[in-house]
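Per-entry structural report
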Amino acid sequence: MSNDKNIKLQSLREDILSLVREYGALKERKNIFIAGETPIPPSGKLLDENEYINLVDASLDGWLTTGRFNDAFESKLADILHVRHALTTNSGSSANLLAFASLTSPRLGERALKPGDEVITVAAGFPTTVNPIIQYGCIPVFVDIELGTYNIDPKQIEAAVTLKTKAIMLAHTLGNPFDINAVLAIVKKYDLWLIEDSCDALGAQYTVNIDYAKSRNDVISAGESRAVGTFGHVGTLSFYPAHHITMGEGGAVFTNSKQLNTIAESFRDWGRDCYCPPGQDNSCSKRFEWQLGELPKGYDHKYIYSHCGFNLKITDMQAACGLAQLDKLDAFIKQRNENFAFMLDGLQATQQHFILPYSSKDAVPSWFGFPITVISDKFTRLELVQYLDKKKIGTRQLFSGNIVRQPYMQNVEYRQVGDLAATDKAMADTIWLGVQPSLGQVELTFVIQTIKQFIDSKN
């Protein structure tokens, strides 16, 4: 490419990005809030001109798969989480699939998860925390939750363990860490795998009271505080627009294990044995020298497959958007937690009607939503939801409710511990409200006042 052409292209790029900056700033300018007319969604993205600039900048590269922005995003995310390895995926659901698939690799020998193995989880959550267990022929074992934290009841975990138990796969519900001390104690005692679904909990922290050596190079010490997702062998994140940061569709798998990272990368990238990044060849310097499987010696290493894998990569434009969002992560988390505290304070007087949320001991949540469970005999959840909806206040139920009641589970093999009474209560009577950083005290005050007005109308 001639120097004159390069100069012209650079000049055009600068002009384009200057216009994009102006466009993005105008488009994302917040409108005036009008009570009862302006929607208050339970979740949503918060962008400014920087995401638009990065998106267009990446598109102008013409490099449409993972590239320079993805490399920068994975590196920065790993630094934020204080982990050695982070891999992007095309969704949080894919991240959960990839994390679980990695633990089925024959490279793990006898520790590899196999069909028929049992995996402890909860029924009150998003389906894609449970689905990989089913998809790989393992048996989900459902333990009840605690109302208020909406996480696994730690007192019931050990009762779920059998000789077939090989792993625990749990989500940190709505950004509130589950009882990691209790879970780690079981993981350590029975030598289990732990997958932490942190899709709703980016930025949440937990302080442990247990020593646990996951590996020679990853030792957890009592009194240590870490980001959730880093206590397990593998952690996952989602970057869907509803989550703490967004790149549209997107997610990540992260780990401190070099072996698990290599396996996860293989499963993510078609199952191939080669780890060359897109557009590069022969990183191992032995591209035509390998003898693997029953292939002829010298078969191109870029076309040797060690796993039955997928293509779960993202585009560089997604990574570019996510990279701009990472710069705002601390501010987003701070605003979420302040919004949660404001809601909690404002609804203290309603405790005879609702179970209000609380954080797990030793946890610093990164709140995704504000859950409440109706316990009043004056009204039903449905009546409350319909009233809020008329006022343009959005709500969500606790994901799948009790997943064993879902249509697709009717012919799935599973086991449950006890009657899952708290899970059924959450399915029947729990909703959650928004605390996302686009909301301020004006909007939240309207939410609180509307809930109180509804209660008054029922007395």
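Here is a short report on the structure shown in this document.

Cut-offs applied
Residues numbered from 1 in each chain as written. Predicted model: local features only at pLDDT ≥ 70, side-chain atom pairs only at ≥ 80, totals over all residues. Heavy atoms only, no water. Helix = DSSP H or I, 4+ residues; strand = E, 2+ residues; numbered from the N terminus. Buried < 20%, exposed > 50% of the residue type's maximum accessible area, 1.4 Å probe, protein only. Areas by Shrake-Rupley, 256 points an atom, 1.4 Å probe, with all protein chains shown as cover. Lys, Arg positive; Asp, Glu negative; His and termini not counted. Charge placed at Lys NZ, Arg CZ, Asp CG, Glu CD. Pairing = 2+ DSSP bridges. Contact = heavy atoms within 4.5 Å. Salt bridge = Lys/Arg side-chain N within 4 Å of Asp/Glu carboxyl O. Core = buried A, V, L, I, M, F, W, Y, C linked by side-chain atoms within 4.5 Å. Phe/Tyr/Trp six-rings, centres within 6.5 Å; stacked < 30°, edge-to-face > 60°. Axes fitted to C-alpha atoms, helices over the stretch in contact; angles between N-to-C directions. Parallel < 35°, antiparallel > 145°, perpendicular 65-115°, else oblique. Left-handed = near helix turned anticlockwise from the far one by under 90°. Nonpolar A, V, L, I, M, F, W, Y, C, P; charged D, E, K, R; others polar. Arc of directions from axis to C-beta.

Let's talk about the overall build of the protein
Within the protein, the secondary structure is distributed over 12 helices and 17 strands. Seen through its C-alpha atoms, the protein measures out along the principal axes to roughly 80 × 65 × 45 Å. Looking at the 459 residues of the protein, the share that counts as buried comes to 53%. When the accessible surface of the protein is summed, it comes to about 20500 Å², and 52% of that surface belongs to carbon and sulfur atoms. Across the protein, 45 positive and 52 negative side-chain charges occur, with their mean positions spaced 1 Å apart.

A short note on the sheet that holds strand β14 (residues 369-374)
Taken in spatial order, the four strands make up an open sheet running β12-β14-β17-β15, and their pairing is antiparallel. A strand with exactly one partner marks an edge of an open sheet, and here the two such strands are β12 (354-355) and β15 (396-397).

Focus on the sheet that holds strand β11 (residues 251-255)
Strand order in this open sheet of eight strands is β1-β11-β10-β5-β4-β2-β3-β16, and the pairing throughout is mixed. If you trace the sheet from one side to the other, it starts and ends with β1 (85-89) and β16 (415-416), each paired once.

A closer look at the pairing of strand β5 (residues 193-197)
In terms of burial, β5 is a largely internal element, five of the five residues being buried. Every second residue of β5 is oriented toward a common face, with Trp193, Ile195 and Asp197 on one face and Leu194 and Glu196 on the other, all of them buried. Two strands pair when backbone bridges link them, and β5 and strand β10 (residues 234-238) are joined in this way by three bridges, in the parallel orientation. Bridging from a neighbouring strand, aspartate 197 pairs with threonine 236 of β10.

Looking at the environment of phenylalanine 288
Looking at where phenylalanine 288 falls in the secondary structure, it is placed in the loop between α7 (258-268) and α8 (316-326). Sequence separation between phenylalanine 288 and glutamate 265 is 23 residues, and the spatial gap between their C-alpha atoms is 21 Å. Leave out the neighbours within four places in its chain, and phenylalanine 288 touches Gly298 and Asp300.

Structural notes on the pattern of salt bridges
Under the criterion given, the structure shown has 25 salt bridges. The partner of arginine 287 in a salt bridge is aspartate 300, and the shortest N-O contact between them spans 2.8 Å. Within this pair, whereas arginine 287 is found in the loop between α7 and α8, its partner aspartate 300 is found in the loop between α7 and α8, the two being separated by 13 residues in sequence. Among the residues examined, arginine 287 registers a relative accessible area of 18% and is labelled buried. In this structure, glutamate 338 and lysine 334 form a salt bridge, with 2.6 Å as the shortest nitrogen-oxygen distance. One end of the pair is glutamate 338 and the other is lysine 334, both in helix α9 (residues 329-346) and four residues apart, which spans about a single turn.

What about the nonpolar core?
Residues Ile120, Ile152, Ile168, Ile180, Val183, Leu184 and Val208 are the most contacted members of the largest nonpolar core, which totals 39 residues. Elements with a contribution of two residues or more to this core: β2 (118-122), β3 (139-143), β4 (165-171), α6 (180-190) and α11 (421-429). No other element matches α6, which puts five residues into this core. Apart from residues lying up to four places away in sequence, valine 208 is in contact with Ile180, Asn181, Leu184, Ile220, Ser221, Ala222, Gly223, Glu224 and Phe231. In this structure, Leu356, Phe370, Val374 and Ile455 belong to the second largest nonpolar core, which totals 26 residues.

Thoughts on the packing of aromatic side chains
Each pair of aromatic rings is reported with the distance of its centres and the angle of its planes. Under the defined criterion, the tally for this structure stands at 14 aromatic pairs. Between phenylalanine 73 and phenylalanine 239, the ring centres sit 5.4 Å apart and the planes meet at 80°, which makes this aromatic pair edge-to-face. Of the two residues, phenylalanine 73 is situated in helix α3 (residues 68-81) and phenylalanine 239 in the loop between β10 and β11; the sequence distance between them amounts to 166 residues. For phenylalanine 73, a relative accessible area of 0% gives the class buried. When the ring of phenylalanine 379 is compared with that of phenylalanine 454, the centres are 4.9 Å apart and the planes differ by 75°; the resulting orientation is edge-to-face. With a gap of 75 residues between them, phenylalanine 379 in the loop between β14 and α10 (381-390) and phenylalanine 454 in helix α12 (residues 441-458) connect regions that are remote in the sequence. Taking relative accessible area as the criterion, phenylalanine 379 reaches 4% and is therefore assigned buried.

Observations concerning the packing of helix α4 (residues 92-102) against α7
Taken N-terminus to C-terminus, the directions of α4 and α7 make an angle of 120°; their axes are 9 Å apart at the nearest point. Here α4 lies oblique to α7, going by the angle between them. Every pair of crossing elements has a handedness; the one defined by α4 and α7 is right-handed. Residues Leu98, Ala101 and Ser102 of α4 form the contact with α7, whose own contacting residues are Leu260, Ile263, Ala264, Phe267 and Arg268.

What to know about the environment of histidine 82
Structurally, the position occupied by histidine 82 is in the loop between α3 and β1. For the pair histidine 82 and glycine 24, spaced 58 residues apart in sequence, the C-alpha to C-alpha distance is 32 Å.

Focus on the packing of α9 against α12
One can describe the packing of α9 onto α12 by two numbers: an axis separation of 10 Å at closest approach and a directional angle of 30°. In terms of their interaxial angle, α9 and α12 are classed as roughly parallel. Where α9 crosses over α12, the handedness of that crossing is right-handed. Residues Asn339, Phe342, Met343 and Gly346 of α9 form the contact with α12, whose participating residues are Gln441, Leu444, Thr445, Val447, Ile448 and Lys452. A breakdown of the residues in the contact of α9 with α12 according to their chemical character gives five nonpolar, four polar and one charged.

Overview of the pairing of β11
In terms of residue burial, β11 counts as a mostly covered element, since five of its five residues are buried. Side chains of β11 alternate between two faces, with Gly251, Val253 and Thr255 and Ala252 and Phe254 buried alike. Looking at chain direction, β1 and β11 are connected through five bridges and run antiparallel. Directly across from alanine 86, in β11, lies its bridge partner phenylalanine 254.

Points about α10
Among all positions in α10, only Arg381, Leu384 and Leu388 are buried. Buried residues of α10, viewed axially, fall in a sector of 65°; they line one side. In α10, the exposed positions angled more than 90 degrees off the buried face are occupied by Leu382, Asp389 and Lys390. If you follow the buried residues of α10, they end up packed against β12, β14, β15, α11, β17 (430-434) and α12. Looking one or two residues past α10, lysine 392 carries a phi angle of roughly 70°, positive in sign.

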